[in-house]
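# Breakdown of the fold
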Amino acid sequence: MLETLTLTHYLVLGVTLLVAYVIFGIAGFGSALVASPVMALYIPLADIVPLLALLDLCAAVVNVSRDGRNAQWPELKRLIPLMVMGSLIGAAILLRARPDILLLALGLFVVFYSLYSLSGLKPQRTFSPKAAVPFGLVGGVFSALFGSGGFIYAIYLGGRIEKKDAFRITQTTLIGLSTLTRVIIFALAGVYLDANLWLLALILLPGMLLGITLGRHLTLRMSREQFLKLINLILLASGSMLILRYLS
């Protein structure tokens, strides 16, 4: 894998990770949605999810170490067992599915998510705690398949938590636990026996650390909604590019 990457490729991947983790630093999720479409142009999709799981776990640990005490733990206790079950299902699909089909699925996933976000549709009522069942399971499947179930968890938590700060750190904590689950699953499956995967993670680590640092500062200076609208336009273009690549 590494022998096929040029200096230009590394620069593109580094900038992509920087942008992706600026978003993670602001919203508490979304790094894989931004990074995956670009990374898929240079790295096999089967390697992207475990690679981003390592980076997401490091990013979540940094953020949770600062504000983890403000997380809404009752919500996390509802979602975590369901998230684990969904992740096991998603990991089994990922390790057995055809890469080209996964490429198309990722493109469609990103396009539909960006269109949903740009539509401005949001939950208009408070969800029942029972809603944790479908959101937790589906979020776990998407986490293992595409490296991000964050937007699914965000829909649920948005209908359960009113305070912005509590929502953000609860979301970040959940993403950290989700990525830990995926890292354990992939480790047991032998995915992390590939030394090249670890080396690439180390190469991209500075972009991640700089990104979450910038994201934290930007949160204090700009509207998260305006920033995410711009990012969703980029997501829409990236997802469309993947679909065209599959069809070409």
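The following paragraphs examine the structure supplied in this document. (Residues numbered from 1 in each chain as written. Predicted model: local features only at pLDDT ≥ 70, side-chain atom pairs only at ≥ 80, totals over all residues. Heavy atoms only, no water.)

### Remarks on empty space enclosed by the protein
Overall, the coordinates contain two cavities of 30 Å³ or more when judged by the stated rule. Every residue lining the second largest cavity is listed: G25, N63, R66, D67, R168, I169, T172, I212 and R216. In the lining of the second largest cavity, the residues fall into two nonpolar, three polar and four charged. (1 Å grid on protein atoms, 1.4 Å probe; cavity = no way out; pocket = protein on both sides within 12 Å on 5 of 7 lines; lining within 4 Å. Points joined across faces, edges and corners; volume = space filled by probe spheres on them. Nonpolar A, V, L, I, M, F, W, Y, C, P; charged D, E, K, R; others polar.)

### A few points about helix α7 (residues 150-158)
Taken across its nine residues, α7 has seven buried, putting it largely inside the fold. Taken together, the buried positions of α7 are G150, F151, I152, Y153, A154, Y156 and L157. (Buried < 20%, exposed > 50% of the residue type's maximum accessible area, 1.4 Å probe, protein only. Helix = DSSP H or I, 4+ residues; strand = E, 2+ residues; numbered from the N terminus.)

### Points about the environment of F127
Examined against the element boundaries, F127 turns out to sit in the loop between α5 (99-119) and α6 (132-146). For F127, a relative accessible area of 12% corresponds to the buried category. Separated by 89 residues in the primary sequence, F127 and V38 place their C-alpha atoms 35 Å from one another. Those residues in contact with F127 that sit more than four places away from it in its chain are F135, I155, Y156, G159 and R160. (Contact = heavy atoms within 4.5 Å.)

### Considering the pattern of salt bridges
Per the counting criterion, the structure on display carries two salt bridges. Between R78 and E75 there is a salt bridge; the shortest N-O distance is 3.1 Å. Taken together, the residues R78 and E75, both in helix α4 (residues 73-96) and three residues apart, mark about one turn of the helix. R78 gets classed as partly exposed once you look at its relative accessible area, which sits at 30%. The closest approach of N and O atoms between E75 and R160, which form a salt bridge, is 2.9 Å. (Salt bridge = Lys/Arg side-chain N within 4 Å of Asp/Glu carboxyl O.)

### Some words on the side chain of T181
Tracing the sequence through the fold places T181 in helix α8 (residues 164-188). If we ignore the near neighbours within four places in the chain, the residues touching T181 are M83, V84 and S87.

### Some remarks on the environment of L244
Structurally, L244 can be placed in helix α10 (residues 224-247). Of the residues examined, L244 reaches a relative accessible area of 58% and is grouped as exposed. Expressed as a C-alpha distance, the spacing of L244 and L104, which sit 140 residues apart in the sequence, is 8.9 Å.

Read these as spatial facts, not as claims about activity.
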